[in-house]
Each structure stands twice: as structure tokens, then as C-alpha cells.
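Here is how the chains run, residue by residue.
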Amino acid sequence: MDAPVDLDVLASWMDGNGLGEGPIADVERLAGGTQNILVKFSRAGRTYVLRRPPPVLRANSNETMRREARVLAALKGTAVPHPGLIAACEDETVLGAAFYLMEPVDGYNATQGLPEPFAHSPELRHQMGLSLVDGIAALGAVDYVAVGLTGLGKPENYLERQVSRWKGQLESYADIPEWDGRKDLQGVNRIGDWLDDHRPSGFRAGIIHGDYHLANVMFRFDEPRLAAIVDWELTTIGDPLLDLGWLLATWPDEAERSDAGTVAVQPWEGFPAAEELVARYASQSDRDLSGIHWYGVLACYKLGIILEGTYARACAGKAPKATGDDLHRRTIWLLERALRWIS
């Protein structure tokens, strides 16, 4: 295959870092949930996965790679399932962007299809759903200062900044004259006002993944347990309960559970209800979950505004129209869900 990175340059960099010797072989482009590039290869009997930004870099692409690598390095030895970091390169001139090498994950993404015995066992799927919560409970329990992540984010006034931050993001889309989405988002200001009026009075800072849902985890083949949490590009230091809120915001409700077309994983029967997810988190965390409803609404608001950005770019011809239209529908769905939750 034509590799999306210069293998000769990569091999030279690996030589300088003591990472095997000889030719790079078995090169395979991996599918991922983002535009970032994932390449699996072997060298001197060891398998690696390279992760780097897309060919056309965004303003923060290189910084995002550095942050991901820093967090994966810090998680070594913790109870959080994650891809093991092998080495990172912050120098953008080597491959044209910052990148890192990680261990391959022996697992599967449930949104791409369930293998046996999970496809025919509601009981195993129930345990899979609970293990999804175990991952973020473990992440939220990590002392970010002790593992060297001070300065990764700004936890001061984290919750107070959320609505203004994302309201400003939404307003920035008006700079794209072709964007016509605002007419469909009538309730968005009401949601923002509700979030500001009902904000929790405080929180305990910790590591958050930032985009936690079924498509961003891999499960083990041998048991109903997480193999790794992946796609760490939105990771920061903030309120870990937002990861649980994000999971709730993207979790099917009772009506959707019977509609096969709206649920990413099939079959869905057996996966826990949202209330069970919250109870599972509470069983292994001392964080105050009395306001978890607020975090779910914030997740709907934030995720909806993020997705609407792709629709705005699609309106201007800078992203595929079909993708933009699909994400615009998803934004409307998320905001309608938030409006139901605050009514």
C-alpha cells in the first residue's frame, strides 16, 4: 500500500530512538473515528501503531498530538485501559506533523459489529455497558497532579466557562455566510440559560477524556471488558463528571432502544439503561452525582455545537455535504433531547 507517512524517514527516526532496526513491514492503514491517520506496522518483530494528524493540518493539530501523547504516558501503570505509549515525536519537521507510536490494542470497536459470543448474549452485552462506565470511573479517580499532568488544562472556573465558551463557538459559525443552520436551533439559548442558572456549585478537578461514547472505546475479545479507551484528542483537566454526562447524552433512551436504525451497536438488547450507568459510576466513585442531570444537558449542548461546526463547513463546501447534513440532524436531536430534559 502507499503509506501516508514517509517510511524511510520514520525508520531513521526510530533508529535514533532505539526502536528496532531494519525495514518497516506489514504496513496497514487503520480505520479510525476521526480524520487523524493511524498506521499499523511491524519492525524487528514488534508491532507498532503510528498516530498523526490529517495531511491538511488544523490550527491545533500538532498541539493535540502532543497532549494525547502526554496523557497516554501519564496513564501508564494506572487502572485506566488505554493504548500503551511507546514513543512520541514533538518535532513537526520529521514527518510534517507531531506524531506518536503506541502499542496495538487487541480488541474491537462495538460500533463496527459485535463478534461472538457477544452478538448472541444479552448478559454479556450488559456487562460490556457497565465496563464502559468502569473506564471513566477509573479515569476520574487518577490524581492528575501525581501523574504529572498539571497545566494540561485550566480547571479554575471550568464549569463557569462552559456555556460562554460554546455559545461563542456557535456564534462564530455566522462568519460562514452559507451557514443556514441557526433557524433549526431555536432552543439553544434557552438551554444555555438553564445551564447557567442550574450550574453545580463546585467540583473536584480530574482528567476528562472529552468525547466518551461507544465509538471511542475498544472491547476485549475474550471477556466483556474494555481493552482500551481511544481517541484522546479532546482530553483536558476539568470536571470528570462531564464524561459520564457525555455517555448519557449519547445513550439511547427507551424509545430508541426499540428502533434499530438509531442505535450504533446491534443488537442492543441487554445493554444497561442510563440509570444503571449512573448507579455503576456511583458504586466506585465518591463524586457528588446529585447534579448528573446537568452534565447530561451540558454534553448535549456542547456536542451539538461541535457537530454543527462540520455542518457549517459543509455549507461552505469545506466538508462533505452528506456528512454535514447527517451531523446537523444529530445536533437538532441533541438539542431537542436537552430541551426535554430541562422541561
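Residues numbered from 1 in each chain as written. Predicted model: local features only at pLDDT ≥ 70, side-chain atom pairs only at ≥ 80, totals over all residues. Heavy atoms only, no water.

Asks: Looking at this structure, how should I read helix H1 (residues 7-16)?
Replies: Residue pairs spaced three or four apart in an α-helix point in one direction, given the helix's 3.6 residues per turn. What H1 keeps buried is the set Leu10, Ala11, Trp13 and Met14. On an axial view of H1, the arc spanned by its buried residues comes to 160°, and they lie on one face. Projecting away from the buried face of H1 at angles above 90 degrees are the exposed residues Asp8 and Gly16. Elements that come into contact with the buried residues of H1 comprise strand S2 (37-43), strand S3 (46-52), strand S4 (85-89), helix H3 (92-95) and strand S5 (99-102). Taking the backbone nitrogen of aspartate 8 as reference, a side-chain oxygen 3.1 Å away marks aspartate 6 as the first, capping residue of H1. Glycine 18 sits one or two residues past H1 and shows a positive phi near 65°. (Buried < 20%, exposed > 50% of the residue type's maximum accessible area, 1.4 Å probe, protein only. Helix = DSSP H or I, 4+ residues; strand = E, 2+ residues; numbered from the N terminus. Arc of directions from axis to C-beta. Contact = heavy atoms within 4.5 Å. Polar contact = N/O pair within 3.5 Å; in protein donor to acceptor, adjacent residues only side chain to side chain.)

Asks: So what exactly am I meant to see when it comes to the side chain of asparagine 216 here?
Replies: Summarising the element assignment, asparagine 216 is placed in the loop between strand S6 (206-208) and strand S7 (217-219). Sequence-distant contacts of asparagine 216, defined by excluding residues within four places in its chain, comprise His209, Asp211, Ile229, Val230 and Asp231.

Asks: Mind showing me how you'd approach the layout of surface pockets here?
Replies: The rolling of a water-molecule-sized probe over the atoms marks out the regions of remaining empty space. Empty space within the second largest pocket amounts to approximately 300 Å³. Forming the boundary of the second largest pocket are 15 residues, of which Leu248, Asp253, Ala274, Glu275 and Trp341 lie nearest the centre. At the level of secondary structure, the elements contributing two or more residues to the lining of the second largest pocket comprise helix H8 (254-257), helix H9 (274-282), helix H10 (292-315) and helix H11 (321-342). Residues belonging to the lining of the second largest pocket are distributed by class as follows: 8 nonpolar, 2 polar and 5 charged. (1 Å grid on protein atoms, 1.4 Å probe; cavity = no way out; pocket = protein on both sides within 12 Å on 5 of 7 lines; lining within 4 Å. Points joined across faces, edges and corners; volume = space filled by probe spheres on them. Nonpolar A, V, L, I, M, F, W, Y, C, P; charged D, E, K, R; others polar.)

Asks: Which parts of the structure should I look at to understand unusual backbone geometry?
Replies: The phi torsion of most residues other than glycine is negative, and most of the peptide bonds are trans. Between glutamate 116 and proline 117 the backbone carries a cis peptide bond, its omega angle lying at 5°. Of note, the amide linkage connecting glutamine 266 to proline 267 takes the cis form, showing an omega dihedral of -5°. For proline 267, the location among the structural elements is in the loop between H8 and H9. One non-glycine residue, aspartate 26, lies in the positive phi region at around 55°. Inspection of the secondary structure assignment puts aspartate 26 in strand S1 (residues 25-30). The class of aspartate 26 is exposed, set by a relative accessible area of 60%.

Asks: Mind showing me how you'd approach empty space enclosed by the protein here?
Replies: Across all of its chains, the model carries 1 cavity of 30 Å³ or more by this definition. Breaking the lining of the largest cavity down by element, the ones donating at least two residues are helix H5 (158-172), helix H6 (188-197) and H10. Among the elements that line the lining of the largest cavity, the one with the most residues is H5, at 3 residues.

Asks: Help me out: how do you make sense of the sheet that holds S2 in this one?
Replies: Adjacent strands of a sheet form backbone hydrogen bonds with each other and so pair up, either parallel or antiparallel. The 5 strands lie next to each other as S1-S2-S3-S5-S4, forming an open sheet whose pairing is antiparallel. Strand pairing shows two members of the sheet lacking a second neighbour, S1 and S4, which therefore form its edges. Direction aside, the axes of adjacent strands within the sheet are offset by 20° on average. As paired strands, S4 and S5 are joined by 4 bridges and run antiparallel to one another. Each bridged residue has a counterpart across the sheet, and for alanine 87 the counterpart in S5 is leucine 101. Relative to the sheet, H1 contacts S1, S2, S3, S4 and S5, its axis offset from that of S2 by approximately 65°. (Pairing = 2+ DSSP bridges. Axes fitted to C-alpha atoms, helices over the stretch in contact; angles between N-to-C directions.)

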